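Residue strings, one per chain:
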Amino acid sequence: EVQLVESGGDLVQPGGSLRLSCAASGFTFNNYVMTWVRQAPGKGPEWVSGIASGGDYTGYSDSVKGRFSISRDNAKKTLYLQMNTLKPEDTAVYYCVRRNAYYQFDYWGQGTQVTVSA
């Protein structure tokens, strides 16, 4: 019943921007920490960012800090990732992932492809 549906991925040039969205359903969205995880070709999953259930705390990996911004709209049950100053190394499939009370990433969306290339 839990569903996470990402959208917004695209092909962009270095230095460009994208805004990813994740539409959530099937659970009480405002009770959960939500995260973004990405996976580049040939590499394992990499945690990118997370946001507390009420949106009052956020965290970022060193690779994206200062360039990406995570946010959420609990009324719309939607998670966002604003990505600025994109670099080729940001190329990956980006997943919206729920984090449960046991710090497990228990539900993943289908992913959306972000490609940064000239």
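This section reports on the structure supplied with the text. Because the structure is a prediction, the values reported are computed rather than measured. (Residues numbered from 1 in each chain as written. Predicted model: local features only at pLDDT ≥ 70, side-chain atom pairs only at ≥ 80, totals over all residues. Heavy atoms only, no water.)

With that settled, consider the nonpolar core. If you look at the biggest cluster of nonpolar residues, it comprises 26 residues, and the most contacted ones within it are M34, W36, F68, L79, L81, M83 and Y94. Counting residues per element, the ones that place at least two in this core are β3 (18-25), β4 (33-39), β5 (46-51), β7 (68-73), β8 (78-83), β9 (92-99) and β11 (112-116). No other element matches the four residues that β3 contributes to this core. (Core = buried A, V, L, I, M, F, W, Y, C linked by side-chain atoms within 4.5 Å. Buried < 20%, exposed > 50% of the residue type's maximum accessible area, 1.4 Å probe, protein only. Helix = DSSP H or I, 4+ residues; strand = E, 2+ residues; numbered from the N terminus.)

Sheet strands pair by backbone hydrogen bonding; their relative direction is either parallel or antiparallel. Strands sit in the order β1-β3-β8-β7 across an open sheet of four strands; the sheet is antiparallel. Each of the sheet's edge strands pairs with one partner strand only, and the pair in question is β1 (3-7) and β7. The average angle at which neighbouring strand axes cross in this sheet is 15°, direction not considered. Across six bridges, β3 lies against β8 in antiparallel orientation. Bridge pairing in β8 links L20 to L81. (Pairing = 2+ DSSP bridges. Axes fitted to C-alpha atoms, helices over the stretch in contact; angles between N-to-C directions.)

So, on to the packing of aromatic side chains. This model, assessed by the stated rule, comprises three aromatic pairs. On the numbers, 6.2 Å between centres and 55° between planes, the contact of F27 with F29 is tilted. Comparing F27 with F29 shows no difference in burial state: the two are buried. On the basis of an interplanar angle of 70° and a centroid distance of 5.4 Å, the ring pair of Y95 and W108 is categorised as edge-to-face. Here Y95 is found in strand β9, whereas its partner W108 is found in strand β10 (residues 105-108), with 13 residues between them in sequence. A relative accessible area of 18% means that Y95 is categorised as buried. Among the residues examined, W108 registers a relative accessible area of 39% and is labelled partly exposed. The structure contains a cluster of three or more aromatic residues connected by ring pairs, namely F27, F29 and Y32. Here the guanidinium or amino end of R98 rests over the ring plane of F27, the centre of that ring lying 4.9 Å away. (Phe/Tyr/Trp six-rings, centres within 6.5 Å; stacked < 30°, edge-to-face > 60°. Lys NZ or Arg CZ within 6 Å of the ring centre and 35° of its normal.)

Okay, the pattern of salt bridges next. Applying the stated criterion across every chain, the model contains five salt bridges. R38 is the partner of E46 in a salt bridge, and the nearest nitrogen-oxygen pair spans 2.8 Å. R38 gets classed as buried once you look at its relative accessible area, which sits at 5%. R67 is the partner of D90 in a salt bridge, and the nearest nitrogen-oxygen pair spans 2.8 Å. (Salt bridge = Lys/Arg side-chain N within 4 Å of Asp/Glu carboxyl O.)

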